[in-house]
Amino acid sequence: LLAAALLAVDGIVIAQDRRAMLESPTNMFSILAIVCYLYAMHQTHLEHKPQEKKLLSLVVGAGFFCALALLTKGVAIIPPLVITLAILIRHRWREGAWFVVSLFGSYMLCAAVFVIICPVDYIKQMYLFHILRPWDGTVHPLARLAEIWNYPWSWTTVRLALGGVAMTALAGRKMHNRDLWLVVFAWA
């Protein structure tokens, strides 16, 4: 409910939603990927020997949604990195293999035509364009963050995001399943 209220009243969200931006679908796919992987992690905590088929289907779902997020916008590289880091820390090698195969398989299933026909243009347009262009005229990333921080419409979003990160960190210290909270914290 808080997220819905924030999206309904915050000025920066309203301003961005008037444009053809890709943050909303990117966030949706990223959230679905993180939720799938958190649910898979939770299954391993609940049951001594979880159902392998259900667990792997959740990991494959996480890879699939990560691929869709990454295909939507390049900044969605964060969820696959966070999930991969969690897999490595937990030494879940079989899950890792399924996740990587699902991520790359889903990605290539959707992008194969472009990767085969025009790989250089595809990489330039999908990824390098966003990395190399000036961000709304401000070239330096720290100057851009300062600009966002001082932008009057983004006050609510930036402060609540920082508050959410702090609350996640504090709540994670008191929870039994700290690794679940660490995944959310790293993603935030």
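Residues numbered from 1 in each chain as written. Predicted model: local features only at pLDDT ≥ 70, side-chain atom pairs only at ≥ 80, totals over all residues. Heavy atoms only, no water.

*Asks:* Explain the side chain of Ser30 here, please?
*Replies:* Here Ser30 is to be found in helix 3 (residues 23-46). Using a relative accessible area of 4% as the deciding quantity, one classes Ser30 as buried. When sequence neighbours within four positions are dropped, the list of residues in contact with Ser30 reads Ala69, Ala76, Pro79 and Trp187. (Helix = DSSP H or I, 4+ residues; strand = E, 2+ residues; numbered from the N terminus. Buried < 20%, exposed > 50% of the residue type's maximum accessible area, 1.4 Å probe, protein only. Contact = heavy atoms within 4.5 Å.)

*Asks:* In this structure, what is going on with the layout of surface pockets? I would like to understand it.
*Replies:* One water molecule sets the probe size; rolling that probe over the atoms shows where empty space is left. Here the second largest pocket defines a volume of roughly 150 Å³. In terms of lining residues, the second largest pocket is bounded by Met41, Val82, Leu85, Ala86, Ile89, Arg90, Asp179, Leu182, Val183 and Ala186. For the lining of the second largest pocket, the secondary-structure elements that each account for two or more residues are helix 5 (78-90) and helix 10 (178-187). Tallying contributions element by element places helix 5 first for the lining of the second largest pocket, with five residues. Looking at the lining of the second largest pocket residue by residue, the classes come out as eight nonpolar, no polar and two charged. (1 Å grid on protein atoms, 1.4 Å probe; cavity = no way out; pocket = protein on both sides within 12 Å on 5 of 7 lines; lining within 4 Å. Points joined across faces, edges and corners; volume = space filled by probe spheres on them. Nonpolar A, V, L, I, M, F, W, Y, C, P; charged D, E, K, R; others polar.)

*Asks:* Any chance you could explain the side chain of Arg90 here in plain terms?
*Replies:* The topology assignment puts Arg90 in helix 5. At a separation of 2.9 Å, a polar atom in the side chain of Arg90 contacts the side chain of Tyr37. Beyond its immediate stretch of four places on either side in the chain, Arg90 contacts Tyr37, Met41, Thr44, Glu95 and Asp179. (Polar contact = N/O pair within 3.5 Å; in protein donor to acceptor, adjacent residues only side chain to side chain.)

*Asks:* Help me understand unusual backbone geometry in this model?
*Replies:* Most peptide bonds take the trans configuration, and most residues that are not glycine carry a negative phi. At His91, a position not held by glycine, the phi torsion is positive, near 55 degrees. By the element assignment, His91 lies in the loop between helix 5 and helix 6 (93-117). Of the residues examined, His91 reaches a relative accessible area of 53% and is grouped as exposed.

*Asks:* How do you make sense of a nonpolar patch on the surface when you look at a structure like this?
*Replies:* On the surface, a cluster of nonpolar side chains totalling about 460 Å² of accessible area is made up of Val113, Phe114, Ile116 and Ile117. Judged by its relative accessible area of 65%, Ile117 falls in the exposed class. (Patch = residues over 30% accessible without salt bridge, like charges linked within 9 Å, V, L, I, M, F, W, Y side chains within 5 Å. Areas by Shrake-Rupley, 256 points an atom, 1.4 Å probe, with all protein chains shown as cover. Salt bridge = Lys/Arg side-chain N within 4 Å of Asp/Glu carboxyl O.)

*Asks:* What is the right way to read the packing of aromatic side chains from this model?
*Replies:* Any pair of aromatic rings gets described here by the distance separating the centres and the angle formed by the planes. Going through the model one piece at a time under the given rule, you end up with two aromatic pairs. Both rings, one in Phe114 and one in Tyr122, keep their centres 6.2 Å apart while their planes meet at 5 degrees; by these two values the pair is stacked. When its relative accessible area of 44% is taken as the criterion, Phe114 is described as partly exposed. (Phe/Tyr/Trp six-rings, centres within 6.5 Å; stacked < 30°, edge-to-face > 60°.)

*Asks:* So what exactly am I meant to see when it comes to the pattern of salt bridges here?
*Replies:* Oppositely charged side chains can form a pair if their charged atoms are brought close together. By the definition in use, this model includes three salt bridges. The salt bridge partner of Arg92 is Glu95, with a shortest N-O separation of 2.9 Å. For Arg92, a relative accessible area of 26% puts it in the partly exposed group. The class for Glu95 is buried, based on a relative accessible area of 4%. One connected set of salt bridges, linked through shared partners, spans Arg90, Arg92 and Glu95.

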